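Structural characterization, general
In case you want the letters, here they are:
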Amino acid sequence: MIKKIKWCLALLLITMFAAFPYLHTDKESVYALDESGKLGQQITNALNTPKLEGALAGVSIRDGSSGEIIFEKGADTRLRPASNQKLLTAAAALETLGKDYRFKTEVYTDGNKHGKVLNGNIYIKGEGDPTLLKSDFDQLAAEVKKSGIKLINGNVIADDTWYDDERYSEDLSWMDEAEYYGAAVSPLTASPNEDFDTGTVIVEVNPANVSGKDASINVVPKTDYVKIINHAKTVAADGKKDIEITREHGSNTITIEGTIPLQASKTRQWVAVWEPTGYALDLFKQSLNEQGIKVTGKAKIGQISKKATVLVSHSSMPLSELLVPFMKLSNNGHAEMLVKEMGKVRFGEGSWEKGLEVMENTLKTFDVNINSLMMRDGSGISHVNLVPANELSKLLFAVQGKSWFPVYVNSLPLAGNSERLIGGTLRNRMKETPAAGNVQAKTGTITSVSSLSGYVTNKKGEKLIFSILLNNFVDEEGITKIQDDIAVILANQ
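To start, this report covers the structure provided alongside it. (Residues numbered from 1 in each chain as written. Predicted model: local features only at pLDDT ≥ 70, side-chain atom pairs only at ≥ 80, totals over all residues. Heavy atoms only, no water.)

Re the packing of helix 4 (residues 134–146) against helix 5 (residues 276–290)
Contact geometry for helix 4 and helix 5: axes closest at 8 Å, N-to-C directions at 50 degrees. Classed by the angle they form, the pair helix 4 and helix 5 counts as oblique. Of the two elements, helix 4 crosses helix 5, and the hand of that crossing is right-handed. Packed against helix 4, whose contacting residues are K134, F137, D138, L140, A141 and V144, the element helix 5 presents A280, L283, F284, Q286, S287, L288 and E290 at the interface. (Axes fitted to C-alpha atoms, helices over the stretch in contact; angles between N-to-C directions. Helix = DSSP H or I, 4+ residues; strand = E, 2+ residues; numbered from the N terminus. Parallel < 35°, antiparallel > 145°, perpendicular 65-115°, else oblique. Left-handed = near helix turned anticlockwise from the far one by under 90°. Contact = heavy atoms within 4.5 Å.)

Laid out in structure tokens, this is it:
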């Protein structure tokens, strides 16, 4: 009888353990912070909106201390991350290059100096600095002058061989190549201002003083590298402001059409140049001229002579500082240059192929399942990139243990903070909610894709990690509010 009872108990235990896994394998089930399931129900309600009918949602919420998943919905489904891809790129760059990493730009010469005359060529070699401004070229030219050179009997040559010659990532649409977010990638490039949109110029259109006259056009920085065709007209003060600025494919011809009323505010547009190496070369040649240094030869693109030696050098800000405009403003050019730089540093080849290989190898060390990822670029502009929300939240948990984590989290936009380089792309979101000044997260937007992943502290002082990926919606209006509502729900716990 006792044996029979023991056997029955054993059978009951076996049955219970056999059934146990099925209690937890439904990925659509609700995981909650409390026994009532209140949190999970709130998040489910936020996702239950007509705007997401026929769309895909991947949501992963983890305990910031243990990494335990406390809510997930579609979180193992591969979805397009948009600029949440930059979370992977930034983590890999910090781990591979280090937070103190700086990019160099160097000026070489293969000539001999006789008094104030340099007989030979002068070279400017780019090594991936995405933050070069006209003022930096001015500084390099001033250093050349300081070395005693007033005349260069030779050419000014730009060397962009630090990376390969692929200018655009694999899936970039041809329609995006003139947009600031789709600018060509070169190790020698320039930015118009301290947003550091590499490889772009700013075109400003102002009204003339008299109706009927051509609009006034200004290019920042001033450069002859782009050709302006101005068809824009000034109209009466009560007229319509309708300006269109386009760049012709395969050239640097920028055409301006439309009308701008008298006394109207200026129209500004960032335009990506065709072949940014030549753009940087033009700015450097300008700077030499402004320093009173005459060049008898031509300005052209080429490779440094083997006998050339360094004349002057410039170093960028450290990566820890560069990450702020990169992540806060979601700078695509920075992402792609970091990918190529990782390939150059680790494998000696500045290409997307080698850079993405470095990213894969590095992400493995964060326990990210790279077999569940499809990575085609560093910025997230590709619609072929695929990442599950659970892998993003797993990364965000793992990087907390890194010495560079304070730099990483500081680079994330801070919800509701109006300062551009603090609030970033979240500066106008979640204002006057418990998420304001609390949520630190990366945004992401491409057509039919919206993402938000990062950190939030709840009312109990507990850190939560979240990743919200929304794909395949057709009505973009109100989509970010769904993400914001979930972030506020988490902050309110």
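We are not done yet, so read on.
Examining the sheet that holds strand 7 (residues 122–126)
Read across the sheet, five strands follow the order 18-9-7-4-19 without closing on themselves; strand pairing throughout is mixed. The open sheet has two edge strands with one neighbour each: strand 18 (299–301) and strand 19 (309–315). Mean inter-strand twist for the sheet, computed between neighbouring axes without regard to direction, equals 20 degrees. Packing of helix 4 onto the sheet brings it into contact with strand 4 (104–109), strand 7 and strand 19, and relative to strand 19 it is tilted by some 145 degrees. Each of strand 4, strand 7, strand 9 (156–159) and strand 18 touches helix 5; the most contacted strand, strand 9, lies at about 145 degrees to it. (Pairing = 2+ DSSP bridges.)

Remarks on helix 12 (residues 479–491)
Look at helix 12: 19 Å from first C-alpha to last across 13 residues, which is about the 18 Å you get at 1.5 Å a residue. Buried residues dominate helix 12, accounting for 10 of its 13 residues. Contact partners of the buried residues in helix 12: helix 2 (38–47), strand 1 (56–63), strand 22 (449–457) and strand 23 (463–471). (Expected span 1.5 Å × (residues − 1). Buried < 20%, exposed > 50% of the residue type's maximum accessible area, 1.4 Å probe, protein only.)

Comments concerning the pattern of salt bridges
Counted under the stated rule, the structure contains 20 salt bridges. In this structure, the salt-bridge partner of K340 is D164, at a minimum N-O distance of 2.6 Å. Here the residue K340 occupies a position in helix 7 (residues 332–347), and D164 occupies one in the loop between strand 9 and strand 10 (200–206), the gap between them amounting to 176 residues. Of the residues examined, K340 reaches a relative accessible area of 0% and is grouped as buried. As a salt-bridge pair, E177 and R247 come within 3.3 Å of each other at their nearest N and O atoms. Placement of E177 in the loop between strand 9 and strand 10 and of R247 in strand 14 (residues 242–247) is noted, with a sequence separation of 70 residues between them. (Salt bridge = Lys/Arg side-chain N within 4 Å of Asp/Glu carboxyl O.)

Points about the packing of aromatic side chains
Overall, the coordinates contain eight aromatic pairs when judged by the stated rule. Judged by centre distance (5.3 Å) and plane angle (80 degrees), the ring pair of Y180 and Y181 falls under edge-to-face. Residue class for Y180 comes out partly exposed when judged on its relative accessible area of 44%. Geometrically, the ring pair formed by F405 and Y408 is tilted, given 6.5 Å between the ring centres and 35 degrees between the ring planes. Highlighted residues: F405 and Y408, both in helix 10 (residues 405–410), separated by three residues, approximately one helical turn. Assigned by exposure class, F405 and Y408 land together as buried. (Phe/Tyr/Trp six-rings, centres within 6.5 Å; stacked < 30°, edge-to-face > 60°.)

Describing the packing of helix 7 against helix 8 (residues 352–364)
Running from amino to carboxyl end, helix 7 crosses helix 8 at an angle of 80 degrees, the nearest separation of the two axes being 7 Å. By the angle between their axes, helix 7 is roughly perpendicular relative to helix 8. Facing helix 7, whose interface residues are E336, V339, K340, M342, G343, R346 and F347, helix 8 presents W352, K354, G355, L356, E357, V358, M359 and N361. Residues belonging to the contact of helix 7 with helix 8 are distributed by class as follows: seven nonpolar, three polar and five charged. (Nonpolar A, V, L, I, M, F, W, Y, C, P; charged D, E, K, R; others polar.)

Description of the sheet that holds strand 23
Taken together, the five strands give an open sheet; going across it, the order is 2-1-23-22-21, and neighbouring strands pair in antiparallel fashion. Bordering the open sheet on either side are strand 2 (69–73) and strand 21 (440–446), each of which pairs with just one other strand. Neighbour to neighbour, the strand axes of the sheet diverge by 5 degrees on average, direction disregarded. Relative to strand 23, strand 22 runs antiparallel, the two being bridged by nine bridges. Paired with T457 across the strands is K463, a residue of strand 23.

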